[in-house]
Each structure stands twice: as C-alpha cells, then as structure tokens.
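Below are the chains, spelled out letter by letter.
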Amino acid sequence: MLPLEGIRAVDLSRNIAGPLCTMLLGDLGAEVVKVERPDGGDEARNHAAESGVSPYFAALNRNKRSMCLDLKDPEGARALAALLRRSDVLVDNFRPGALGRLGFRDERLEREFPHLVVCHISGFGRTGPWAQAAAYDHIIQGFSGLMSLTGPAGEGGYRTNTSVADIVAGLFAATTVVASLRGRERGERTGAHDDGQGGDIVHVSLLAGLLNALCYQAATYLTTGEAAAPTGNQHPYIVPYGTYATRNGLVNVCVGNDRLFGRFCKTLGLPDLISDERFGSNTARVRNRDPLNELVEPALAARTSEKWLAAFREEGIPCGPVHTLPEALAHPQVEALGLVTRVEDGAGGHFRHLGPPFESGRLTGVIRRRPPLLGEHTAEILAELAEDSARQGSEGNR
C-alpha cells in the first residue's frame, strides 16, 4: 500500500501550483478527482498542445481522474457537494473568495464537511491590499524580490526560467496537506475529534512560498539591513563558488569551506593563494572576490572542462558541467535514477516526461494512471456517487 491509499482528494485547481500539489498526493497513493470546467477545462491543456495533447498538462496531472462540472449550475454544485462528502482533501487555486461565490464558503465547508482538509492556494494570500490581484508566477517573481537578485551583477530584473513560485507553493501545499491529514488521523486515534471534526483550512500563497525560498537573502537583510544584489553566476556569500570559463566551455565549482579552498588552490597549481591573507577565510575571500577571481579565472581557462572536472572530482571538490536541458535529460546519471518515464497520452500516443523525484521501498508502482482526457471519468464518478448514495439510503432504512 502507498501511504495515502484510501485518501480521496478533489482538485479544483489549474495550471501549476495546485495540480503539482495534487499530483504529489496522487503519487503517494491518494485517489485524485480533477474537477474541470466543461468549456475547455484546465487552461494548461492548451499550453504547447500542438499535437492535440499538451505535455505541459501531462507533466502535472498523472494519477488523476477528470470530471467536468459547471459549478455555477445547481446540479454541478450538488455533484461537487456529494463528492466532497466522500473525500478527504479539497485543493483549489481560485482567487480568495471565488469558491465562496460558487456556494462553498469556508463556513459551509467546515459545517457540512468537518472531516475535510481544505487547501486554498492563491497568488498573494487571503488578506491584504493585493489579496484580490491576479497573479501568475512571473508576477510573483518580481513582487517577491527574486528578479532583483537574478541576472548579471549590476543588472538584475531577470525571471528565473522555470515557474519557481508555482512549484515552491505546490510543494508547500502538498507538505501541509499531508501534515494536516496526519493531525486528523492522530486526533481520531486519541479521541481528540470525538465530535467528528478533524478537518482543516490551509492557506498557501505563491508570495509566501517564494519569500520563504529566499530564506537566507531575506534573513541577511532583516538582520543586517544589507540587501543582496545580483551576482550573476557567483554566490553572494561564498567565494569561489560559481560558473567559470574553461578552454572549451563552462564549469560550475563550489568551494564551500576553507578546507576545500586549500584543495582547490593546489589543484589549480596556485598553492600560494592558501597563505595569502586576502583569501585566508571565506569572509576575506568575499571581500576580495575580484582579486581572487582575477587569479583563478586564467588558471581555469588553461584546460578543458573535462580535465578540470576529472581533477576536481578526484580531490572531492564539488563541481559539475553546465548542461543544456537535452544533455541533462540524456545523461547516464539521470538514466541511472530512472527519472525519465514513458506514459500514455490517452490519444493513442505516448509522452516521455519526468517521473517522481523520490524512491523508497514503500513507494513502488507510483504511476498508476496516465493524465486524463477532459471529462474522461465524469460518468464513472457520478455513477459511483449515485451508488454510494443509494447504499447509504438502503442502510439508513434498515
């Protein structure tokens, strides 16, 4: 059994943050029902969908069934309520209050579905002057300050070329939902929820998540008043630590402490740097970043990336190549970990995409369902709900 087997999650979310959260719940064993609008469903279905089926959508929606409900229609709202009575988790990423306007305010959810763990994912959080503002990942990268830290020194203003705000929020949401389910289970076991309660209302925002991802930059500013600045591919607080040019390309080298600095200097053929008082500690090296790099860079440029990586690895110095994404996906290390998998697309073809990033003796057979077609399981799920209702009615009449 997977750890969340027996848990049902209702997914009202779309795009990235919410779908990532519910996909992780599904990977861990939960049954996930994705409820989509009849008029096109999750808009991610249209992203990069040149062949008719979107790999963008597929990457975030395995291990789910899809049903279409118009929640503005009373019949659709009743079907959702019936589904929630038989579910454990509800995840949405509407703007704050939007689910309430559809008839499912938090007060109703707590009253009618007291066992339910509800996770609201929003852009800016549930309160404050920007709570109702529309938010996409790019907006939050700028709002959080991340873009001011990203890019070449003296510039900044660069977006990280992945949806990092969405991804971080999805991870925080999944972690919090699992923790809340654990709390509900513990309460049931100890009798703390004798009144049938045990649910929870969880709020996660892209803004709060991404600010937490800037943990040490924020802590430094809050402690010292000194704001971090963009340093390109150099670490703001550790030197040497970054991307360096070699004779035929680029390498990443991370010299994280004084012991590694000594090995690094000897490997470069620059042992005199070890005793140079300008570089005697990391604090001194950060202060003298430019003079140190002026000595290190010509030495690294004298040999190829392959030779430097072999030399650094032999000395235990953290290092690595600067791959293109195709190079990374085809690398023997990625292959050894089985990170790329093949899944049916539901239209007679297949996707190659990333599988779960974890492995465990308990977490086997994780991918159980391909990404669903829009509304593929509507009739099936409605029939299950009707059957459950009829069974409960029959038991109540005994």
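Look up: the structure comes first, before these words.
These numbers come from a predicted model, not from an experiment. (Residues numbered from 1 in each chain as written. Predicted model: local features only at pLDDT ≥ 70, side-chain atom pairs only at ≥ 80, totals over all residues. Heavy atoms only, no water.)

> Just checking my understanding: could you explain the nonpolar core for this structure?
Most often, soluble globular proteins keep nonpolar side chains buried together rather than apart. By size, the foremost hydrophobic cluster in this structure holds 33 residues, and its most contacted members are L25, V89, C119 and I121. Of all elements in the fold, only helix 1 (17-27), strand 4 (89-92), strand 5 (117-122), helix 8 (164-190), strand 6 (200-205) and helix 9 (206-213) reach the threshold of two or more residues within this core. If we ignore the near neighbours within four places in the chain, the residues touching L25 are L4, A9, A30, V89, A174, V177 and V178. Counting 26 residues, the second-largest nonpolar core is a separate cluster that includes V10, A82, L90 and L116. (Core = buried A, V, L, I, M, F, W, Y, C linked by side-chain atoms within 4.5 Å. Buried < 20%, exposed > 50% of the residue type's maximum accessible area, 1.4 Å probe, protein only. Helix = DSSP H or I, 4+ residues; strand = E, 2+ residues; numbered from the N terminus. Contact = heavy atoms within 4.5 Å.)

> Just checking my understanding: could you explain the packing of aromatic side chains for this structure?
Any two aromatic rings considered together are summarised by their centre-to-centre distance and by the angle between their planes. Evaluated as defined, the whole model comprises six aromatic pairs. Ring centres 4.9 Å apart and planes at 65° place the aromatic pair W130 and F143 in the edge-to-face group. Of this pair, W130 sits in the loop between strand 5 and helix 6 (137-143) while F143 is found in helix 6, placing the two residues 13 residues apart along the sequence. What makes W130 partly exposed here is its relative accessible area of 44%. With a centroid separation of 5.4 Å and 15° between ring planes, the pair formed by W308 and F312 is classed as stacked. Here W308 and its partner F312 are both found in helix 14 (residues 305-314), four residues apart, which amounts to about one turn of the helix. F312 gets classed as buried once you look at its relative accessible area, which sits at 0%. (Phe/Tyr/Trp six-rings, centres within 6.5 Å; stacked < 30°, edge-to-face > 60°.)

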